[in-house]
Amino acid sequence: MSFQATFKALSDPTRRAILDLLKDGAKTAGEIGSSFDMTGATVSHHLSVLKEAGLISDERRGKYICYELNLSILDEITGWIAGLKGDN
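Residues numbered from 1 in each chain as written. Predicted model: local features only at pLDDT ≥ 70, side-chain atom pairs only at ≥ 80, totals over all residues. Heavy atoms only, no water.

Novice: How should I be thinking about the packing of aromatic side chains in this particular structure?
Specialist: The geometry of two aromatic rings is summed up by the distance between their centres and the angle between their planes. Evaluation of the coordinates by the stated rule reveals one aromatic pair. Arranged with centres 5.9 Å apart and planes meeting at 55°, the rings of Phe7 and Trp80 form a pair that is tilted. A residue pair is termed long-range when its members are at least 10 positions apart, and Phe7 in helix H1 (residues 3–10) and Trp80 in helix H5 (residues 71–85) qualify at 73 residues. Judged by its relative accessible area of 34%, Phe7 falls in the partly exposed class. For Trp80, a relative accessible area of 38% translates into the label partly exposed. (Phe/Tyr/Trp six-rings, centres within 6.5 Å; stacked < 30°, edge-to-face > 60°. Helix = DSSP H or I, 4+ residues; strand = E, 2+ residues; numbered from the N terminus. Buried < 20%, exposed > 50% of the residue type's maximum accessible area, 1.4 Å probe, protein only.)

Okay, structure coming up:
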């Protein structure tokens, strides 16, 4: 995991909102895009950045691609932050 890519992805409020949407389960790009006032290309860009950072994964389901949180990366991030705080 690249912390630089991860924190760059997390620095954008739209990408954080996408992650928030995905906490309820996998969604297609169309479902994600319907929550925002932006073009499909912009949604695709945000999903690409999140995927490159390892924060989400995608899986083809029929004719759709579903995106979901990559919980192992989120566990690594929270573990690292907890370590900085001195938590066990």
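Once you've had a look at it, read on.
Novice: What is the right way to look at the pairing of strand S3 (residues 64–69) in this model?
Specialist: Regular strands show a simple pattern: their side chains alternate between the two faces of the sheet. In terms of strand pairing, strand S1 (residues 27–28) meets S3 through two bridges, oriented antiparallel. Pairing of Thr28 across the sheet is with Cys66, part of S3. Of the strand pairs in this sheet, strand S2 (residues 56–61) and S3 are connected by six bridges, and their pairing is antiparallel. Looking across to S3, one finds that Glu59 is bridged to Cys66. (Pairing = 2+ DSSP bridges.)

Novice: Even after reading the chapter, I still don't get the pattern of salt bridges, so can you show me in this structure?
Specialist: For side chains of opposite charge, pairing can occur when their charged atoms come near one another. As enumerated under the stated definition, the model contains three salt bridges in all. The salt bridge partner of Asp20 is Lys23, with a shortest N-O separation of 3.0 Å. Arg61 serves as the salt-bridge partner of Glu59, at 3.7 Å between the closest nitrogen and oxygen. A relative accessible area of 39% places Glu59 in the partly exposed class. (Salt bridge = Lys/Arg side-chain N within 4 Å of Asp/Glu carboxyl O.)

Novice: Looking at this structure, I do not really get the environment of Lys27. What am I missing?
Specialist: Within the secondary structure, Lys27 sits in strand S1. With residues near it in sequence (within four places) discarded, Lys27 still touches Leu21, Leu22, Ile32, Ile65, Cys66 and Tyr67. (Contact = heavy atoms within 4.5 Å.)

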